[in-house]
Amino acid sequence: MVNAAITTVCDMVEHCRLRLDDVSPQSLTPTTNLELVQAAAEDADESELLWTTAELEHYANEAIKETAWRTRCLRDSDLSIADVTRYSVTAGTSAVVVDPRVFIIKRVWWNSTVLVPLSARFQDEQSNDWRAEEVESPEEFVLNQSARSIRLVGIPTLDGVVGLEVIRLPLTAISGHAVPEIPQPYLADCLHWMCHLAYLKNDPDTRDTSKSDEYAALFASRVGPRPSLFQLELEGYQQGRRRGRLYYF
């Protein structure tokens, strides 16, 4: 069930702490300025808590990344993110190293032209000189999985821009009242992964592998299993020998 109250990392931390039953003892609702100051001081003191706010914020970011990986919900096609979906290329350069936060490439552009993906094996069968040939405007590209790079088929003789439509991980870790990039309905499910990580904390008062496994199973039941590298490889090979794979790991 979607919890509409969870919209920020701060909300995620608060709800996770309640689920872990790791909250400060509740007192009467503050009514005077002095009581408000004392309550704020108690909230700031985390010495009696099993998990610090910084730890829970870290778990929240890990849960957001895990959700993005499993659901593939962060898709960019506006070509506006420098060095993620948009790469400036100078004349004489044919390789572009892709940002590590990108794990699926859907389409590639050279300026405004959509490029055709080809496999290196197919290109080698067609020509031994394709890596050294010069062209004014490339029309095809090859992915180098091990180097996480895109190689244009033909070295461009003019400056240009390589644009990518991608599925990616979040761009930055966030904290406090920042809003996660993934869709809001997934945030309640992220609490399961946060608890899974929390119960792996190497401390006698927090480590509980059975509870950790339970929460990991709950998370998987909500957002699905994590795709294996074999599954992604298989999806790539299903495109055939001529077409290149469109996946990065």
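Just above, that's the structure.
Bear in mind that the values here come from a model prediction, so they are computed numbers and not experimental data.

## Focus on helix α6 (residues 209-223)
Here is step 1: Compared with an ideal rise of 1.5 Å per residue, which puts 15 residues at 21 Å, α6 spans 21 Å between its outermost C-alpha atoms and is within 8% of the ideal.
Here is step 2: Along α6, the residues classified as buried are Ser212, Tyr215, Ala216, Phe219 and Val223. End-on, the buried residues of α6 take up no more than an arc of 105 degrees, which puts them together on one face. Turned more than 90 degrees from where α6 packs its buried face, Asp213, Glu214 and Ser221 sit exposed.
Here is step 3: On its buried side, α6 packs onto α1 (9-19), α3 (53-71) and α5 (187-198).

## Thoughts on the pairing of strand β11 (residues 160-168)
Here is step 1: For β11, the buried fraction is high: 9 of the 9 residues fall into the buried class.
Here is step 2: In the sheet, strand β1 (residues 75-76) pairs with β11 via 2 bridges, with the strands oriented antiparallel. Within β11, the residue paired with aspartate 76 across the bridge is valine 166.
Here is step 3: Here strand β2 (residues 86-89) runs beside β11; their pairing, made up of 4 bridges, is antiparallel. Bridge pairing in β11 links tyrosine 87 to valine 162.
Here is step 4: The sheet contact formed by strand β4 (residues 102-110) and β11 spans 7 bridges and is antiparallel. Considered in β11, the bridge of tryptophan 109 is made with glycine 163.

## Quick notes on the nonpolar core
Here is step 1: Residues Met12, Leu20 and Met194 are the most contacted members of the largest nonpolar core, which totals 35 residues.
Here is step 2: Of all elements in the fold, only α1, α3, β4, α5 and α6 reach the threshold of two or more residues within this core.
Here is step 3: Here this core takes 9 residues from α5, the largest share from any one element.
Here is step 4: Judged by nonpolar contacts, the second largest core, of 18 residues, contains Ile81, Ile105, Trp110 and Leu152.

## So, the pattern of salt bridges
Here is step 1: Tallying each qualifying case throughout the model produces 11 salt bridges.
Here is step 2: Among the ionic pairs, arginine 17 bridges to aspartate 22, the shortest N-O distance being 3.0 Å. The same class applies to arginine 17 as to aspartate 22, namely buried.
Here is step 3: By sharing partners, the salt bridges in this structure join Glu66, Arg70 and Arg226 into a single network.

The rules behind the values
Residues numbered from 1 in each chain as written. Predicted model: local features only at pLDDT ≥ 70, side-chain atom pairs only at ≥ 80, totals over all residues. Heavy atoms only, no water. Helix = DSSP H or I, 4+ residues; strand = E, 2+ residues; numbered from the N terminus. Expected span 1.5 Å × (residues − 1). Buried < 20%, exposed > 50% of the residue type's maximum accessible area, 1.4 Å probe, protein only. Arc of directions from axis to C-beta. Contact = heavy atoms within 4.5 Å. Pairing = 2+ DSSP bridges. Core = buried A, V, L, I, M, F, W, Y, C linked by side-chain atoms within 4.5 Å. Salt bridge = Lys/Arg side-chain N within 4 Å of Asp/Glu carboxyl O.

Read these as spatial facts, not as claims about activity.
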